[in-house]
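Close look at the chain arrangement
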Amino acid sequence: MSTSARYDFDTVIDRRGTWCVQWDGVADRFGVDGLLPFTISDMDFATAPEVLTALRARLDHGVLGYTTWQQDDFRSAVAHWYATRYGTEVDTGRLVYGPSVLSQLSQLLQMWTAEGDGVVVHTPTYDGFRKAVTGLGRELRGVPLGDTGALERELARVDAKVFVLCSPHNPTGRVWTEDELREMGALARRHGVAVISDEIHADFVHDGYRHVPWTRIGGDGRWAVITSGSKSFNFPALTGSYGFIGDPADRAEFLRRMETAEGLASPAVLSLTAHIAAYRDGAAWLDAARTYVAGNLALIAERLNGAFPELAWQPPQAGYLAWIDLRPLGVGAGAGTDGVAGTDGVAGGDGVGDEALQRVLIEREKVAIMPGAVYGAPGFLRLNVGCPRSKVVAGVEALVRGVGGVR
C-alpha cells in the first residue's frame, strides 16, 4: 500500500457548529454567514491518526493536571524531527515554549525593542505580524520580498532593532535558499539587528525545495526561532508552540517572563502529547498530506491558467495557501509592481478594484477568499487549499466565474 493510500483526505468532515473560525466565524470577517470558506490557515483534514491515538491514550489516563515541557520525551522528539526532517542537529538546551507563535513573537519584541523602534518585515506581510508589531507601539517597516538592497537600508537605520523573517514566507510560500538566509543573517549582524524567524510553515515545503532552519544560520548574533507542529499537523486548537533562542541570557529572560509575567509555567498537556506523537510517528501522514495538497495546487494552476493564460500562475514552494496575482487581469490595478503599494484596493485606469471582485465572490458566488489587501497587496488573493479536492474544485470554479464577471 502506498503512503498516500493509507490516509483519507477526500472525505469531507463537517466543521460547522464546532466553533470553527474558518467556517462558523466567516461572517465576522466577510459580513455574511454560510459562505464556502478558503480563509484562515488551518486545514479541513483530521490530524494524523497517530496523533489522535496518542491524544486518546492521554485522555484515557484521566488526570489532566499541571505539567512541564522541560522533559526528555518532548526534547528528544523535537531533536528527532529536526534530524530526520532537516538533517540538522539542534541543541535542545536552547528550547523554549509558549502558547502560540504570535505570543512568542510578542514577548521577544517586548524584550528586544522599545516603543517607536523599527521592526523590519518582508512585504507582503502576514497580518499577524502587523498586529503584533503595531499593537506594541513599534513601527512596522516593510521591504519588498527579495530586495536585498532595501532590506539593508532598513536594517541600517539606527532605530531598527528586529528583523522578523517568515521562513517559509506567508502568504507567498517562498522558500529561502541557504545562501539567501546567510546573506540576511550577515546583514542583521552587521547592523546589530536581532532576527526572529517564524518557521511554522517549514514542515510543508514541497518537493524540489528545502527548508534551512535558522538554528543553522544564526551563529553568534541575537536570534530566535519560533515555530509549532500545529500548522502542518492541524492541531492549532490545542495551543502550543516552541522555539530556540540563541543567547543563554535572552533565553533565561524569555522563560522568566513566560513563567512569571505571563503566568504560563504549565503548558497544555494535549499539545505536548500531540507534538511528541507527530514528531515521532507522523512523518508518513505529513508526506501524504503534502502530496495531496500538491495535487490541489496543480488543479488550481491548470484551471486558472486554462481560463486566464496571462496569469501563468505557479504553485507556491511551500504550504497550502495559493497566493494568486490577479493584476495581469486588471484586478487591483492600482497596486505597485511589488504588490504592496496602496491599501484601499481601488484600481487605476480601466482596472477593477479588489472590492468589486470581493462583492461578486461573496454575494454571487458565496465563497470567502482572503483579499490581498489584508497582507498589503491589492490585486492578490490568498486561497486556502488545505481541504478535500471537491471543495477546491468548487472554490476555483467560483473564482474563475467571479473574475470573469468583473473583467
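In this text, all values refer to a predicted model and were calculated from it rather than measured experimentally.

The next point concerns the pattern of salt bridges. The final tally for this structure, using the stated rule, is 23 salt bridges. Note that Arg157 is salt-bridged to Glu154, the shortest N-O span being 3.2 Å. Arg216 serves as the salt-bridge partner of Glu178, at 3.3 Å between the closest nitrogen and oxygen. Taken as a pair, Glu178 in helix α8 (residues 178-190) and Arg216 in the loop between β6 (194-198) and β7 (223-227) lie far apart in primary sequence, 38 residues in all.

The element β7 is extensively covered by neighbouring structure, given that five of its five residues are classed as buried. Where burial is concerned, the two faces of β7 agree: the one with Trp223, Val225 and Thr227 and the one with Ala224 and Ile226 are both buried. Pairing of β6 with β7 involves four bridges; the strand directions are parallel. Counterpart to Ile196 in the pairing with β7 is Ala224. Pairing of β7 with strand β8 (residues 241-245), which is carried by four bridges, proceeds in the antiparallel orientation.

What follows is about the pairing of strand β2 (residues 95-98). Side chains of β2 alternate between two faces, with Leu95 and Tyr97 and Val96 and Gly98 buried alike. Here β2 pairs with β8 via four bridges, running antiparallel. Across the sheet, the residue bridging to Leu95 is Phe244, located in β8.

Rules used in this analysis
Residues numbered from 1 in each chain as written. Predicted model: local features only at pLDDT ≥ 70, side-chain atom pairs only at ≥ 80, totals over all residues. Heavy atoms only, no water. Salt bridge = Lys/Arg side-chain N within 4 Å of Asp/Glu carboxyl O. Helix = DSSP H or I, 4+ residues; strand = E, 2+ residues; numbered from the N terminus. Buried < 20%, exposed > 50% of the residue type's maximum accessible area, 1.4 Å probe, protein only. Pairing = 2+ DSSP bridges.

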